[in-house]
Structure formats: structure tokens, C-alpha cells
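A closer look at the structure
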Amino acid sequence: MGKLFQQRFPLFFKKWNSNGIPGITLFLIIIIYWTIPRTMDEALTVQSVEAFKFLSLPFLAGIPLRDSWSKLSSLGRNMVIVIFMIKYFGMGALYIWWPSQLCNNYLLIDQLTLGWGFITTALCLLFYFIYLFMIDPSDYE
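Described below are features of the structure shown in this document. Values in this document were obtained by computation on a predicted structure and should not be read as measured data. (Residues numbered from 1 in each chain as written. Predicted model: local features only at pLDDT ≥ 70, side-chain atom pairs only at ≥ 80, totals over all residues. Heavy atoms only, no water.)

Here we look at the pattern of salt bridges
As a reminder of what qualifies: Only one rule defines a salt bridge in this text: a Lys or Arg side-chain nitrogen within 4 Å of an Asp or Glu carboxyl oxygen. Relative accessibility decides the category of a residue: with a 1.4 Å probe and only protein chains considered, values under 20% of the type maximum give buried, values over 50% give exposed, and everything between is partly exposed.
Counted under the stated rule, the structure contains 2 salt bridges. In this structure, Asp-67 engages Lys-71 in a salt bridge whose closest nitrogen and oxygen atoms are separated by 3.1 Å. Given a relative accessible area of 30%, Lys-71 falls into the partly exposed group.

Encoded structure:
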């Protein structure tokens, strides 16, 4: 879908997201917003919030990510990876070690599962980050 939008509206993306920073900023805002426990709860109970979730993730997060990632420098990409690594470690710790239930519509075991999923994702990002520094990808292209 992102490629279709890029082909259909090339001037919009060239003007609005020429260096990739505005698109990646919008992507980060939307993804961070949808990891807040309150918004996860409201997506299950409020129909307009659920509709916004299903519109915002592909259109306000997915398309800008596809357009921005190739435009970012390697430093910019590494910064995004570090931001997500920190976010996932933090959210995982919050969901695992918070003494009470954070989301009203999810069971405590679901909260723990999500927390460990966040920690696992953060570890995978850490391993990828280590891989980037140890291996030169140009050797394999």
C-alpha cells in the first residue's frame, strides 16, 4: 500500500518528507501512542478509537515509515532502532513488574505476556544493533 501511495503522490512525499525526518517522526508518535495502556483499553471499548487505530497504523505509521526509511541516513536509522530498543525495554519492564493490572480489558497474564514480548523484541533489536556494528553489509551485496 505504501508503494502505491508513493507512486500515486510522488510530489507530496518529495515536498513533505524530503529527508525522511517528518515521516519517521509521525511514525514514532503513532507507534508510541498505541503502546500506552489507556489507548489500548479504549481501542476495545470506544468504537471511534478502534476505527482510528485501524486507520492510523497503516496510513499514519506504515506509509510514512516506508517512505522515510530509505531517506534516512544510517545514523538516523540507528537512532530509530535505539529509540525502539529503549521504549520496548521500558514498556516491557513496566508491564512485567508493575504491581497491579495496567489495562482493564486485558487479564494480568496478558499483561505479563505483552511485557515479555516487549523485552524479547528489545533484545532482538539489541542483537540486530550489535550485528550492524560487527558485520559490514557491503561485503554481502
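Once the structure has been displayed, the description carries forward.
Regarding the nonpolar core
Here is the rule we go by: For our purposes a nonpolar core is just a set of buried Ala, Val, Leu, Ile, Met, Phe, Trp, Tyr and Cys residues, chained together by side-chain atoms within 4.5 Å. Per the convention used, a helix needs a DSSP run of H or I reaching at least four residues, while a strand needs a run of E reaching at least two, with both numbered from the N terminus. A contact between two residues is defined here by any heavy atoms of the two lying within 4.5 Å.
Counting residues in hydrophobic clusters, the biggest one holds 19 residues, and the most contacted among them are Phe-27, Phe-84 and Tyr-95. If you list the elements that add at least two residues to this core, you get helix 3 (21-33), helix 4 (37-45), helix 5 (47-69), helix 6 (74-97) and helix 7 (108-134). Filtering out sequence-adjacent residues up to four positions away, Tyr-95 remains in contact with Thr-35, Ile-36, Pro-37, Met-40, Leu-102, Cys-103, Gln-111, Leu-112, Leu-114, Gly-115 and Phe-118.

Considering helix 3
Test applied: Expected span of a helix: the number of residues minus one, times 1.5 Å.
If you check helix 3, its first and last C-alpha atoms are 18 Å apart, about what 13 residues at 1.5 Å a residue would give, namely 18 Å. Gly-23, Ile-24, Phe-27, Leu-28, Ile-30 and Ile-31 are the residues of helix 3 that are buried. Packed against the buried residues of helix 3 are helix 2 (10-16), helix 5 and helix 6.

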